[in-house]
Structures are given as C-alpha cells and as structure tokens.
Amino acid sequence: MVDYYMPTAASASVWFSAYASFAGFMMLVRSMATELMPQPLRSYIYSVFNYLFAPFFSREVTLLFDERCGMTYNELYEAVEVYLRTKIGPSVRCLRVSKLPRMKAIKVSIDRDEEVADTFDGVKMKWCYVVTKVEKPRNGGTDEKEKEKHRFELTFHKKHKDKVIDYYLPYVLARAKTLKEEQKTLKLFTNLDYWDGDDDEDNESWGSVNLDHPCTFDKLAMDPELKRMIIEDLERFVARREFYSKVGKAWKRGYLLYGPPGTGKSSLVAAMANYLKFNVYDLDLAAIEGNSELKRVMMSTTNRSILVIEDIDCSINLQNRDDDQDKSSKETNSYKKPLTLSGLLNCIDGLRSSCGDERIIIFTTNRKEMLDPALLRPGRMDVHIHMSYCTPSGFRVLASNYLGIHDGEDHRLFGEIERLIESTEVTPAQVAEELMKSDDADVSLGGLVNFLKHNQAERERKREEKEAKEKKQNKSTRFSLLKKRLKIFSTNA
Ligand SMILES: Nc1ncnc2c1ncn2[C@@H]1O[C@H](COP(=O)(O)OP(=O)(O)OP(=O)(O)O)[C@@H](O)[C@H]1O
Ligand SMILES: [Mg+2]
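Per an unreviewed UniProt entry, the recorded name for the protein chain is AAA-ATPase At3g50940-like, and the organism is Prunus avium. Recorded in UniProt under Catalytic activity (unreviewed entry), the annotation for the protein chain is "ATP + H2O = ADP + phosphate + H(+)". Its UniProt record gives the protein chain the following Cofactor (unreviewed entry) comment, quoted word for word: "Mg(2+)".

Got a minute to help me understand the overall build of the protein chain in this structure?
A tally of helices and strands in the protein chain yields 15 helices and 16 strands. Out of the 493 residues belonging to the protein chain, those deemed buried represent 37%.

Looking at this structure, I do not really get helix α14 (residues 428-435). What am I missing?
For the α-helix, the turn length of 3.6 residues means that residues three or four positions removed from each other point alike. Taken together, the buried positions of α14 are occupied by P428, V431, A432, E434 and L435. Seen from one end, α14 has its buried residues packed into an arc of 160°, which puts them on one side.

What am I meant to see in the packing of helix α12 (residues 392-403) against α14 here?
Each packed pair of helices is defined by two parameters, the angle between the axes and the distance between the axes. One way to put it is that α12 packs onto α14 with a least axis distance of 10 Å and a crossing angle of 35°. Every pair of crossing elements has a handedness; the one defined by α12 and α14 is right-handed. Each of F395, L398, A399, Y402 and L403 in α12 lies in contact with α14, whose residues at this interface are P428, V431, A432 and L435.

How do you make sense of helix α13 (residues 414-423) when you look at a structure like this?
Along α13, the positions that sit buried rather than exposed are F414, I417, E418, L420 and I421. Buried positions in α13, seen along its axis, are confined to an arc of 165° and lie on one side of it. Exposed side of α13, more than 90 degrees from the buried face: R419 and E422 are the residues found there.

Which parts of the structure should I look at to understand the pairing of strand β7 (residues 123-133)?
Every regular strand shows the same layout, with side chains that alternate between the two sheet faces. Examined bridge by bridge, strand β6 (residues 115-120) and β7 share six bridges and lie antiparallel to one another. The residue of β7 that forms the bridge with V116 is W127. Hairpin connection of β6 to β7: two residues between the antiparallel strands, including D121 at a positive phi of 50°. Direction of pairing for β7 relative to strand β8 (residues 148-157): antiparallel, over a ladder of eight bridges. Bridging from a neighbouring strand, Y129 pairs with F152 of β8.

For this particular structure, what's the right way to read the side chain of S444?
Summarising the element assignment, S444 is placed in helix α15 (residues 441-492). Classification of S444 as buried rests on a relative accessible area of 2%. Those residues in contact with S444 that lie beyond four places of it in its chain are L403, E434, L435 and S438.

Is there a simple way to think about the site of ligand 1 in this case?
Around ligand 1, a shell composed of 15 residues is seen, among which A221, K265, S266, S267 and N366 lie nearest. Measuring from an oxygen atom of ligand 1, one finds a side-chain N or O atom of N366 at 2.9 Å. At a separation of 3.5 Å, an oxygen atom of ligand 1 approaches a polar side-chain atom of Y402. Mapped onto the shell around ligand 1, the elements with two or more residues apiece are α7 (265-276), α12 and α14. Broken down by element, the shell around ligand 1 gets its largest block of residues, three residues, from α7. The residue makeup of the shell around ligand 1, split by class, is seven nonpolar, six polar and two charged. A domain-level breakdown of the shell around ligand 1 finds at least three residues from each of domain 3 (187-386) and domain 4 (392-477).

What counts as what
- Residues numbered from 1 in each chain as written.
- Chains lettered and ligands numbered in written order.
- Predicted model: local features only at pLDDT ≥ 70, side-chain atom pairs only at ≥ 80, totals over all residues.
- Heavy atoms only, no water.
- UniProt positions renumbered as here; feature names shortened; annotations may be inferred.
- Helix = DSSP H or I, 4+ residues; strand = E, 2+ residues; numbered from the N terminus.
- Buried < 20%, exposed > 50% of the residue type's maximum accessible area, 1.4 Å probe, protein only.
- Arc of directions from axis to C-beta.
- Axes fitted to C-alpha atoms, helices over the stretch in contact; angles between N-to-C directions.
- Left-handed = near helix turned anticlockwise from the far one by under 90°.
- Contact = heavy atoms within 4.5 Å.
- Pairing = 2+ DSSP bridges.
- Near = heavy atom within 4 Å.
- Polar contact = N/O pair within 3.5 Å; in protein donor to acceptor, adjacent residues only side chain to side chain.
- Nonpolar A, V, L, I, M, F, W, Y, C, P; charged D, E, K, R; others polar.
- Domains from an automatic or database assignment.

Next up, the structure:
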C-alpha cells in the first residue's frame, strides 16, 4: 500500500517558512559574493536570483514598456522617451546626444541600463532603459534596429500599482504631448516649381523649410478686442474635437483675412501657426496646372496644419462659375482641365468634409469686394477678419516691439503721433519701417511724426484735388445741360 502525502495548511506553512529561510540566506550570500564578481557575471546571477526568489520577497512591481506592440509602435514608449529627457538627474553616467539636420534643439536621452528616478504624488519610482539582443530578427535582421529590442522598465512599490496606471501614466502621456508641441519645429511647405528648400520625403507635392517667422500675437499691431476674439476662436476650435464629431461637422475652420497691403495679414497667419504650433502649407495657385492637381496637392496636407492661399483675388484668374462650366465643357477633350473657381471651391469643400482633422484654411486678399460671392458665402469661410490701418493702440504695440517703450511708459511725441495716426491712413508696415530707422527713440519717433504729417498733407492735397475735379465735372455737366435746353428752346422758337 502506498501512502500519499496530502499537504495540510500546517505543513504548507512549514514548507513555506523553510523556503523563505533558504531564499533569505541565498539572497544574503548573493549580495556579499557578487560584490567581488565581474559585472556581466554579477548581472546574470542577479537575474537568476530575482527570477527564483524575488516574487516572495520583493514588494516591488515592474511595468515593461516595449518599443513595439507586434508590428505597431507603442505610443507609451515614445511618450516615456520624451518625458524622461526632462528627468535626467546627476546620477546618470551615460547619455546619448544627437541632433538631426532639420531639428533646432539637441536631443539628450539616457543610454542603455541607465536609471532615472521620479516621484509622483509621493510615490517613488525608478525608470530604466534596457536594450536586449533579438535572437531571431525579423526580415533576417539586415536592419540594425531589428537586431535589438528596446524597452523602458518602471519599478515601484506594489501597493501603488493602480495609482501609477490610472494617474501617473496618463500624466506622462499628457506631459510628453506638451513637451513635443513645445519642441516642435514648425514647417512651411510650399508647392512652388522652383523650390530650392528641402523636399519632403513622404510628400512629393510640397517642399519645406523651417518656419522661423517670429510673429506672435503680442507682437501684432491690431485692435486688442479683435485679437482677443481671434485667440478665443482658435482655442475653442482646437478644444472642440468631441463637439465637431457630435454635430457631424468636419473639424476644420476657414478664415478670410482682408485689408490693404501691409496691414499684417501674412503676419497674422504666422502668429496663428506659432500659437497653435501648426505647420503652414502655402499654396501658390499659379503653380497648379489644373483642378485634379489642386485636389492632389490639397489632399496631401497633414493634420494640425494651416493651408494658406494668399491674395486669392489676384493669384490666378479664377473665372466665375458659369464661365467655368462653359470652359470645362469646351475643354473636355483636352487632357488636362484648367484650374477653375469651381475646381477650387470643390477642393475646399472636399478638404473640409473629407478625412483629416484640425485643419485651418486661410484666404488673404487686399480687395474683398473683388471676390466671387461663392467664396464669401456663409459656411465657406467661417470668420472674416478685417485688417485695418494702424490705430493708436497698434502704434503702442509697434513702439514696444521696435523701441522697447512698453505699456504704461510714455514719450513726449506719443500724443502727437496718436492724433496724427487717427486723422490719416497709414499701415502698420509703414509705421514699422519708420520706427526701424534708428535705435534712438527721439530720432525714429521724430521721423515718424514727419512721415505722418507728410502723409496727412498728401491726403489733404489729394482730397482737395478730387473735390476740385468733381466741382469742375459738375460745372461742365450743368453747362452742357443748359446748352441742351437752350438748343431745344431756340429750335422750338
Ligand atoms: N499688424 C501688424 N503688426 C505688426 N507688424 C506688422 C503689422 N502689419 C504689418 N506689419 C509689418 O509689416 C510687414 C509686412 O506685413 P505683412 O506681410 O504681414 O502684411 P500683409 O497684410 O500680408 O501685406 P500684403 O497684402 O502685401 O501681403 C511685416 O513683416 C511686419 O513687420
Ligand atoms: Mg501678405
């Protein structure tokens, strides 16, 4: 007869205490012996011990963030990489430093096996960057990247597991997003034929350069109320992802900027791009050969971008839509259809309603009255912004930009300049040009006063000339009428 050993609660506890004492002893041996061993052997022994005994003794848990989840990129891995760059402390001994040709900043990240400490809401954590060799690389391992597996490990006390997963990791994701936005190098894409900037590898329709336009909203000379309204409109737009999907509208917004040359339309586009951190696609319609090319070029723009068509009234001779139809029907046999207004309108509507999110479309024009009503119809351009001549408040902004005379400060010529600005029409560009002539505020403001007086006198002279011309015209009309009447009268007599 065979006696089977049936474990009871008491015997299990005896076995467990025996195992625990043995493991405790081994851990002690490990910590003493390994001090004398070379590093690779020490790492190996550590991993064996950790595998066998750590689960019973360690109060820590480790989360692994692999670079890839199967074939796709792990969003969390990328976020951790960006986030940890801001957490590198003095204990880190080895750092990787790089700078790609198009990037502004130098990228510093931790090297393999380096550790970075972090604290979140009182929870102490330890990050480690680990690189391991892949035994069977994909595609035969020709690519260096395929031969290695990259991962971040996050270790902390077990009892904080929920807090870390529910609060800390979303915080890391959000922080990384903000950091990436801050470090983003904005791009200006253009579709010019003779472009000699960089070609975009992924996009043959557009060439690009870094958008280094320094204009920001606080540097813009325009009505403060209008400026506030534009900023609020942009903020509302980017925050309304759910709203747009709820009402079934594409997440796009159209702006029409109109006003005389030099009032800051292009500067406003740059300020919007810098504010939102959106790339700019500057579409030159003159370089587009037909409706289908326009469609292709427009569709190859990316999300979170601004598409600009400058001087829409004169960049191309867009006929009205009836003409378009005539022309298109006449040219159906030709192999390319010309660019037409209806083609442009279709593309804009297509871009607005098709896939792609967070897109802004901006038209600029000096002569809004010359635009086809179809371009102005409600729903096509959501906001119409009038960029006007310089105002006294606009002048204050320019004085601060160019001469460093900030809000609250004054100059003896300010009063006179403001009166002159109110009674004449000068653009912010003209004022800026005068203010740039000297670093000495007395000299440049004095020059501006002369310029404004001259401008005012010119304006007065033109007004008088016009009045005199009108008077003369009225006189000759009255005289010819009188002559006509006299003729009738003498014939009747
Ligand atoms: N509102 C403004 N605020 C600050 N600077 C301005 C403003 N308007 C014009 N400027 C200055 O004048 C220059 C030309 O302005 P900008 O190109 O933005 O005008 P625009 O309205 O686009 O002119 P155009 O109709 O000729 O394209 C800018 O580089 C800037 O220095
Ligand atoms: Mg412009």
